[in-house]
Amino acid sequence: MVKISEFQMKDVVNVADGKKLGNIGDIDININTGKIEAVIIGGAGKVLGFFGRDADVVIPWKNIIKIGEDVILVRYQDAIEPKYIEEEA
């Protein structure tokens, strides 16, 4: 069994690009089933926490690949719209 406090101390790493996404700040639990639906990584503060912060990253539970001793591996892909390159005729 893993305590939430231990869960929050682990680094979350995206296997798609190897980048550290941060640490888990919250979890989304379905109160009807008691199951964890998603983990939430708080957005990083801008300029030492001033002037707002980035949006939270929500990782569905099904996208967690492995929970290790120090790291949680997840599959996460930004919802960035693809950029189109105009071809010259």
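Model, not experiment: these values are computed from the prediction.

Colleague: Is there a simple way to think about the pairing of strand β4 (residues 57–60) in this case?
Modeller: Burial along β4 is one-sided: Val57 and Ile59 are buried, while Val58 and Pro60, pointing the other way, are not. As paired strands, strand β3 (residues 36–41) and β4 are joined by four bridges and run antiparallel to one another. Among the inter-strand pairings, Ile41 is bridged to a residue of β4, identified as Val57.

Colleague: Honestly, the nonpolar core in this entry has me stumped. Any pointers?
Modeller: Inside soluble globular proteins, nonpolar side chains tend to come together where they are buried. Grouped together as the largest cluster of nonpolar side chains are twelve residues: Phe7, Val12, Ile24, Ile27, Val39, Ile41, Val57, Ile59, Ile64, Ile72, Val74 and Tyr76. Of all the secondary structure elements, the ones that give two or more residues to this core are β2 (20–29), β3, β4 and β6 (71–74). Beyond its immediate stretch of four places on either side in the chain, Val57 contacts Val39, Ile40, Ile41 and Tyr76.

Colleague: I would appreciate a short explanation of the sheet that holds β6 in the present structure.
Modeller: The strands that make up a sheet pair up through hydrogen bonds in the backbone, lying either parallel or antiparallel. Strand order across the open sheet formed by six strands is β4-β3-β2-β1-β6-β5, with mixed pairing between neighbours. Edge positions in the sheet fall to β4 and β5 (64–67), since each of these pairs with one other strand and no more. Pairwise comparison of adjacent strand axes, ignoring direction, gives a mean angle of 35 degrees for this sheet. With three bridges joining them, β5 and β6 adopt antiparallel strand pairing. What sits directly across from Ile67, in β6, is Ile72.

Colleague: Is there a simple way to think about the packing of aromatic side chains in this case?
Modeller: Any pair of aromatic rings gets described here by the distance separating the centres and the angle formed by the planes. Overall, the coordinates contain one aromatic pair when judged by the stated rule. Ring geometry for Phe7 versus Trp61: centroids 6.2 Å apart, planes at 40 degrees, classification tilted. Taken as a pair, Phe7 in helix α1 (residues 4–9) and Trp61 in the loop between β4 and β5 lie far apart in primary sequence, 54 residues in all. A relative accessible area of 34% places Trp61 in the partly exposed class.

Colleague: I would appreciate a short explanation of a nonpolar patch on the surface in the present structure.
Modeller: Where nonpolar side chains cluster on the molecular surface, the patch consists of Val15, Ile65 and Leu73 and spans about 210 Å² of accessible area. Here Leu73 falls in the partly exposed class, since its relative accessible area comes to 30%.

Colleague: Help me understand the pairing of β3 in this model?
Modeller: Working note: regular strand, side chains alternate between the two faces of the sheet. Direction of pairing for β2 relative to β3: antiparallel, over a ladder of five bridges. Residue pairing across strands places Ile29 opposite Ile36, the latter belonging to β3.

Rules behind the numbers
Residue indices follow the written sequence of each chain, beginning from 1 at its first position. With pLDDT at 70 or above as the cut-off, local features in this predicted model cover only qualifying residues; side-chain atom pairs require 80 or more to be listed or tallied, and sums for whole chains, interfaces and linings still use all residues. Excluded from the side-chain calculation are hydrogens and water; included are all heavy atoms of the structure. Note on exposure labels: buried denotes an accessible area under 20% of the residue type's maximum, exposed denotes more than 50%, and partly exposed covers the range between, all computed with a 1.4 Å probe on protein chains only. For the purposes of this entry, the term helix denotes a DSSP run of H or I that reaches at least four residues, the term strand denotes a run of E that reaches at least two, and both are numbered from the N terminus. Being paired, for any two strands, means DSSP has found at least two bridges between them. For the purposes of this section, nonpolar cores are sets of buried Ala, Val, Leu, Ile, Met, Phe, Trp, Tyr and Cys residues that join through side-chain atoms within 4.5 Å. Should any heavy atoms of two residues lie within 4.5 Å, those residues are counted as being in contact. Fitting a line to C-alpha atoms yields each axis, with helices limited to the stretch in contact; the angle taken between N-to-C directions then spans 0 to 180 degrees. To pair, rings of Phe, Tyr and Trp, with the six-membered ring standing in for Trp, must have centres within 6.5 Å; the planes then decide the type, stacked if under 30 degrees apart, edge-to-face if over 60, and tilted in the middle. Here a patch means residues that are over 30% exposed by relative accessible area and free of salt bridges, tied together within 9 Å if like-charged and within 5 Å if nonpolar (Val, Leu, Ile, Met, Phe, Trp, Tyr). Only the protein chains shown count as cover for residues, and the accessible areas themselves come from Shrake-Rupley with a 1.4 Å probe. By definition, a salt bridge exists where a carboxyl oxygen of Asp or Glu is found within 4 Å of a side-chain nitrogen of Lys or Arg.

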